[in-house]
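Spelled out from the first residue to the last, the chains are:
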Amino acid sequence: MSQGMSSIIMIVALFAIMYFMMIRPENKRKKKAQEMRDGLKKGDTITTIGGIIGKVVSVNGDTFVIETSEDRVRMEFAKWALSSVGVQTTEQPEAEKKSKKDEVPEEPVDEIPAETEKK
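Residues numbered from 1 in each chain as written. Predicted model: local features only at pLDDT ≥ 70, side-chain atom pairs only at ≥ 80, totals over all residues. Heavy atoms only, no water.

Asks: Is there a simple way to think about the nonpolar core in this case?
Replies: As a rule of thumb, nonpolar side chains are buried together in soluble globular proteins. Grouped together as the largest cluster of nonpolar side chains are eight residues: Leu 40, Ile 46, Val 56, Phe 64, Ile 66, Phe 77, Ala 81 and Leu 82. The contact partners of Ile 66, leaving out residues within four places of it in the chain, are Ile 46, Ile 52, Gly 54, Lys 55, Val 56, Val 57, Val 73, Arg 74, Met 75 and Phe 77. (Core = buried A, V, L, I, M, F, W, Y, C linked by side-chain atoms within 4.5 Å. Buried < 20%, exposed > 50% of the residue type's maximum accessible area, 1.4 Å probe, protein only. Contact = heavy atoms within 4.5 Å.)

Asks: Honestly, the side chain of Arg 37 in this entry has me stumped. Any pointers?
Replies: Structurally, Arg 37 can be placed in helix 1 (residues 2–38). Put simply, Arg 37 is tucked away with no salt bridge, and the nearest opposite charge, on Asp 38, sits 7.9 Å away. A distance of 3.0 Å separates the side chain of Arg 37 from the backbone oxygen of Lys 79, its partner in a polar contact. Setting aside residues no more than four positions away along its own chain, Arg 37 makes contact with Lys 79, Trp 80 and Leu 82. (Helix = DSSP H or I, 4+ residues; strand = E, 2+ residues; numbered from the N terminus. Lys, Arg positive; Asp, Glu negative; His and termini not counted. Salt bridge = Lys/Arg side-chain N within 4 Å of Asp/Glu carboxyl O. Polar contact = N/O pair within 3.5 Å; in protein donor to acceptor, adjacent residues only side chain to side chain.)

Asks: I would appreciate a short explanation of the pattern of salt bridges in the present structure.
Replies: Opposite charge on two side chains allows them to pair when their charged atoms are near. A full pass over the atoms with the stated rule returns three salt bridges. A salt bridge links Lys 41 to Asp 44, with the nearest nitrogen and oxygen atoms 3.4 Å apart. Two residues, Arg 74 and Glu 67, come together in a salt bridge whose shortest N-O distance is 3.2 Å. Arg 74 gets classed as partly exposed once you look at its relative accessible area, which sits at 44%. By relative accessible area, which is 21% here, Glu 67 ends up partly exposed.

Asks: I tried to follow the sheet that holds strand 4 (residues 74–78) on my own but got confused; where do I start?
Replies: Pairing in this open sheet of five strands is antiparallel, and the strands run 4-3-2-1-5 from one edge to the other. Unpaired on one side and paired on the other, strand 4 and strand 5 (82–85) mark the two borders of the sheet. Strand-to-strand, the axes of this sheet are offset by a mean angle of 45°, without reference to chain direction. Alignment of strand 1 (residues 45–48) against strand 2 (residues 53–59), held across three bridges, turns out to be antiparallel. (Pairing = 2+ DSSP bridges. Axes fitted to C-alpha atoms, helices over the stretch in contact; angles between N-to-C directions.)

Asks: Where do I start with the packing of aromatic side chains in this structure?
Replies: Aromatic ring pairs are defined here through the distance separating the ring centres and the angle between the ring planes. As enumerated under the stated definition, the model contains two aromatic pairs in all. Between the aromatic rings of Tyr 19 and Phe 20, the centroid separation amounts to 5.1 Å while the plane-to-plane angle is 80°, which identifies the pairing as edge-to-face. (Phe/Tyr/Trp six-rings, centres within 6.5 Å; stacked < 30°, edge-to-face > 60°.)

Asks: How should helix 1 be read in this particular structure?
Replies: Along an α-helix, residues three or four positions apart point the same way, because every turn accommodates 3.6 residues. Taking 1.5 Å per residue, 37 residues should reach 54 Å; helix 1 reaches 52 Å between its end C-alpha atoms and fits that length. Its maximal kink placed at Tyr 19, helix 1 deviates by approximately 40°. (Expected span 1.5 Å × (residues − 1). Bend = angle between axes of the 7 residues up to and from the residue.)

Asks: Help me out: how do you make sense of the environment of Ser 83 in this one?
Replies: You can see Ser 83 is positioned in strand 5. Residues Ser 83 and Ile 49, 34 residues apart in the sequence, show an inter-C-alpha distance of 4.8 Å.

Asks: In this structure, what is going on with unusual backbone geometry? I would like to understand it.
Replies: The bulk of non-glycine residues show a negative phi, and the bulk of peptide bonds are trans. Positive phi outside glycine occurs at Arg 72, with the angle close to 65°. Assignment of secondary structure puts Arg 72 in the loop between strand 3 (63–67) and strand 4.

Honestly, it's all geometry; don't read function into it.
See the structure below:
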C-alpha cells in the first residue's frame with residue numbers, strides 16, 4: 001500500500017514540476033506578447049518577425065499598417081507578425097555585458113612553430 005501511495009505522490013510531483021518549469025512560463029510569455037499586440041498604437045516604431053522596421057500608421061482589428069522609409073512605403077501586416085515594439089537589435093542587455101567583462105578570458109593556445117628548412 002505504501003509503495004502505491006509513493007508512486008502516486010511521485011507522479012503528482014512530476015506533473016507539478018513540469019507545470020512550473022514548462023507550461024507556466026510559456027503561458028506568461030504568450031500573455032505578454034498578446035498585451036504588446038493589443039497595446040499597439042499609431043506612432044510606435046516596431047519590428048516584425050521578418051525583421052522589417054517601421055512606424056505604425058494605423059491599427060485595425062487584426063492588422064496594422066506601417067511606413068518603412070522616407071519614401072512613404074506602406075505595408076499591412078497581421079498583428080501576429082509583430083515581434084517587438086521598438087527597434088530590435090542583436091546587442092546584449094547591459095547586465096549580460098557586465099557579467100561577460102567580469103569573466104576571466106581563456107589563455108590562448110600557443111601554436112607549435114613550424115620546422116625550419118635545413119639547407
